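The residues making up each chain are set out below.
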Amino acid sequence: MPCLHALDGSQRNCLILLDQKNKCETIGHLHTWYLTSRLQSALAEQSTPILINAGLWNSFIERRIHFKQSLKQKDSPLYKIHKLYQTINERITSLSHQYNAANEDVIQNKYLIVQSINDEFYNSENTVTEGDYQVLLDYFTPFDPEDWSIYKNGKGFYLFVPKNYSSQNPFTGFNIESLEKIAYPEHSPSIYFDSVVNESIGSALPDFFLTYNDLPDAKMTYAWNIILAGHGGSNYKEMNDEGIVTWNGQPIIADLTIQEFNDFLDFFEFNVKTHLLHYSCCYAGGNHIPLIFREKQNQPYNYAIICDTLTDAASYCKWTTLLPSTQKKFLTTADLAYDATQNGWQLPLTPVYHWNDFFNDIATIDFSIGSIERLQEMMSSITYSIIANIPLLCLPGTNNFFPLYGADIVKIDERLLALFDKKDLILQGTKTILLESSSIKTGLVLDHTDQFRMISIKPGDALHYIKKLHATSHIDLPSTFWQAQYQYYDKNFILDECSFPQSNDSLIFKDIDASENELVLKNVIISQQKSHYIRLFFTVNDIAMMVVAYKPGQAEHIETATIQEVVTLDAAAREKYENYYLSLKNSVFP
């Protein structure tokens, strides 16, 4: 397995955040914080250099100004959430003094405080939205220009270098001499006009990074770890030129076009020494990976690449909501921290991304087999734990991406199936199946106790055939076969036979008699639509049925789909269904 050998000297780190079109995370979209949450944490930590376009920085500053001015309006949602946060902390301080004066049992005192706060505040009356809470974080994120060296290149990009970082790395690797120092980084009108200059990051990279050509003997004694994040998917635009309407559409990866993203990758291949490039955006995996990397089959990149999106699906930022909300029903003792200035416990607003931990950990990785196994755990510092955000790794000198999944997840691809040939594939203790293969011609046996999930990771629209699926526990079919979050494409599964124990709780099978308490379904069609509707057809006890269910794509933690329809097919509909099943199967085996 290829790996990076003999990394000379130390490593340098940079977080690059792009909202280049200044559309997604402006003050007009306060509840969008995919990039803002990363920026908040990086500012609070003061451990990582940040390269961003001026528009994103302008959004952060304008949100803070908006919040501060909203505090003068006592009927505004932002005033109310600020007041709630203040009141909770004042009450926690009061209780801290009360309990600590009465008893020296600090551990129990903290528990008593949490119970009191839950009783007083964590109810529906005080519920706040995640969006309002995130804007609260904008306001409370500590930022003092004296803690940073801040520069711009005159092309719409800003570089923030923490003085903590430069004191540890006097030679930062940035081309500081060619940049203009920013005197007033919180003056929003000036920042806005800087953001109007809207060049691509590709043309800006040589302004900020020292290249081989800038160094003596063209030698670089350090290697870069780069985190890139932006919005992704596709862009569609119509233009009207004196009545002549034209249009164009193109894929977008981390706010870059295909050519811009290739230029970005090439810069870190040919101009600097790179250890790792991690990129994060919606729809970064799936179809976009071959679109970007197919041309690199003969000349792969010499650094490791991690894509944080498993397939054609949405990517999620990390966030936390400590105030009363649908996500936070109650506090625990782990949520409070001791504040010496208050001489009591407080409810802190802490960063959710741990950039320093990640960069320190990644510096120890050489992408050998043992280090890759450790890499899985390291990703939790910067990745929201959700199926769609299972990272994909491409090793240095290769061109193949593979998922970094945990012990209770299995990927079924052609390599795995080849090991079993005509024998049944038995999976024990598996909670999630990542299905890449188009056809499972042998039996698939699931020995499981918890609800498991089967997710198609084949790029684009996909059809998967399974000859026979048998489970030792009941399968809630609509909740088992479902899309990764906001998948772009439709996925279909067909099964010649699917068997599992009956359940009295099932809305679908409650009226079906099961011989020996086992349900045997024939000619199963499971159609997942990108709108998050799941439609099922099957025959059981010679009765043909259709089921329609819905599962919100943003709610992975809600395991159960909502049943919308359960309908028995008449003779005419049954004939169409059976013909449709045969047509799907024939498309797999023409």
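Below or above, wherever it landed, is the structure these notes cover. (Residues numbered from 1 in each chain as written. Predicted model: local features only at pLDDT ≥ 70, side-chain atom pairs only at ≥ 80, totals over all residues. Heavy atoms only, no water.)

Some points on the packing of helix 1 (residues 36–45) against helix 2 (residues 54–70)
Then step 1. The contact between helix 1 and helix 2 brings their axes to 11 Å, and the two run at 75 degrees. By the angle between their axes, helix 1 is roughly perpendicular relative to helix 2. On helix 2, the residues touching Thr 36, Leu 39, Gln 40 and Leu 43 of helix 1 are Leu 56, Trp 57, Phe 60 and Arg 63.
Then step 2. A per-class count over the contact of helix 1 with helix 2 returns five nonpolar, two polar and one charged. (Axes fitted to C-alpha atoms, helices over the stretch in contact; angles between N-to-C directions. Helix = DSSP H or I, 4+ residues; strand = E, 2+ residues; numbered from the N terminus. Parallel < 35°, antiparallel > 145°, perpendicular 65-115°, else oblique. Contact = heavy atoms within 4.5 Å. Nonpolar A, V, L, I, M, F, W, Y, C, P; charged D, E, K, R; others polar.)

Looking at the sheet that holds strand 20 (residues 462–471)
Then step 1. Taken together, eight strands build an open sheet; the order of strands is 16-18-20-21-22-23-24-25 and the sheet is mixed. Two strands close off the open sheet at either side, each with one partner strand: strand 16 (425–428) and strand 25 (562–568). Each strand axis lies, on average, 25 degrees off the axis of its neighbour in the sheet, ignoring direction.
Then step 2. The sheet strands contacting helix 15 (residues 571–588) are strand 18 (439–447), strand 20, strand 21 (491–501), strand 22 (518–528), strand 23 (533–540) and strand 24 (543–550), and the helix crosses strand 22 at an angle near 75 degrees. (Pairing = 2+ DSSP bridges.)

Examining the sheet that holds strand 3 (residues 148–152)
Then step 1. Spatial strand order, 5-3-4-2-1-6-9-10-13-14: 10 strands in an open sheet with mixed pairing. Unpaired on one side and paired on the other, strand 5 (180–181) and strand 14 (401–403) mark the two borders of the sheet.
Then step 2. Pairing analysis gives three bridges linking strand 10 (residues 304–307) to strand 13 (residues 392–394), with the strands arranged antiparallel. Within strand 13, the position partnered with Ile 306 by the bridge is Leu 393.
Then step 3. Across the face of the sheet, helix 8 (residues 201–208) comes into contact with strand 1 (11–18), strand 2 (50–53), strand 3 and strand 4 (157–162) while running at roughly 40 degrees to strand 4.
Then step 4. Packed onto the sheet, helix 11 (residues 355–362) meets strand 1, strand 6 (223–230) and strand 9 (274–280) and runs at close to 140 degrees relative to strand 6.

Here we look at helix 12 (residues 369–378)
Then step 1. For helix 12, the complete set of buried residues consists of Ser 371, Ile 372, Leu 375 and Met 378. Buried residues of helix 12 fall within an arc of 105 degrees about the axis and therefore sit on the same side. In helix 12, the exposed positions that point more than 90 degrees away from the buried face belong to Ile 369, Glu 373 and Glu 377.
Then step 2. Buried positions along helix 12 lie against strand 10, helix 11 and strand 13. (Buried < 20%, exposed > 50% of the residue type's maximum accessible area, 1.4 Å probe, protein only. Arc of directions from axis to C-beta.)

Overview of the packing of aromatic side chains
Then step 1. On inspection of all chains with the given rule, the structure shows 37 aromatic pairs.
Then step 2. Measuring from centroid to centroid gives 6.1 Å for Tyr 222 and Trp 224, while their planes differ by 80 degrees, and the two rings are edge-to-face.
Then step 3. In this structure Tyr 222 comes out as buried when scored by relative accessible area, which is 2%.
Then step 4. Ring centres of Phe 509 and Phe 538 lie 5.5 Å apart, and the angle between their planes is 40 degrees; on these two criteria the pair is classed as tilted. With Phe 509 in the loop between strand 21 and strand 22 and Phe 538 in strand 23, the pair connects residues that are 29 residues apart, well separated along the chain.
Then step 5. Its relative accessible area of 1% is what places Phe 509 among the buried residues.
Then step 6. Looking at Phe 538, the relative accessible area reads 0%, which means it is buried.
Then step 7. The side chain of Arg 12 reaches across the aromatic face of Tyr 222, ending 5.1 Å from its centre.
Then step 8. In this arrangement the basic side chain of Arg 38 is found over the ring face of Tyr 34, its NZ or CZ atom lying 4.2 Å from the centre. (Phe/Tyr/Trp six-rings, centres within 6.5 Å; stacked < 30°, edge-to-face > 60°. Lys NZ or Arg CZ within 6 Å of the ring centre and 35° of its normal.)

Overview of helix 8
Then step 1. Inspection of helix 8 places Ile 201, Ala 204, Leu 205, Asp 207 and Phe 208 among the buried residues, and these make up the whole buried set. Relative to the axis of helix 8, the buried residues are bounded by an arc of 160 degrees and lie together on one face.
Then step 2. Turning to helix 8, the residues buried within the fold contact strand 1, strand 2, strand 3, strand 4 and helix 9 (258–270).

Section: the nonpolar core
Then step 1. Counting 93 residues, the largest nonpolar core has Ile 16, Phe 209, Phe 268, Tyr 279 and Ile 412 as its most contacted members.
Then step 2. Ranked by the residues each element gives to this core, the list is headed by helix 9, at five residues.
Then step 3. When neighbours within four sequence positions are excluded, Ile 16 is seen to be in contact with Leu 51, Leu 205, Phe 209, Ile 226, Ile 227, Leu 228, Ala 229, Phe 264 and Phe 268.
Then step 4. Core analysis: the next-biggest nonpolar cluster, separate from the first, contains 44 residues, Leu 35, Leu 39, Leu 56 and Tyr 353 among them. (Core = buried A, V, L, I, M, F, W, Y, C linked by side-chain atoms within 4.5 Å.)

Structural notes on the environment of Arg 12
Then step 1. Tracing the backbone through its elements, the reader meets Arg 12 in strand 1.
Then step 2. A relative accessible area of 7% places Arg 12 in the buried class.
Then step 3. In the structure, Arg 12 is positioned 240 residues away from Ile 252 in sequence and 27 Å away in space, judged by C-alpha atoms.
Then step 4. The contact partners of Arg 12, leaving out residues within four places of it in the chain, are Tyr 165, Asn 169, Phe 171, Thr 172, Tyr 222, Ala 223, Trp 224 and Asn 225.

Notes on the pairing of strand 3
Then step 1. Counting buried residues in strand 3 gives five out of five residues, a clear majority hidden from the surface.
Then step 2. Where burial is concerned, the two faces of strand 3 agree: the one with Trp 148, Ile 150 and Lys 152 and the one with Ser 149 and Tyr 151 are both buried.
Then step 3. Where strand 3 and strand 4 come together, five bridges link them in antiparallel fashion. Paired with Trp 148 across the strands is Pro 162, a residue of strand 4.
Then step 4. Joining the antiparallel neighbours strand 3 and strand 4 is a turn of four residues, in which Gly 154 adopts a positive phi near 80 degrees.

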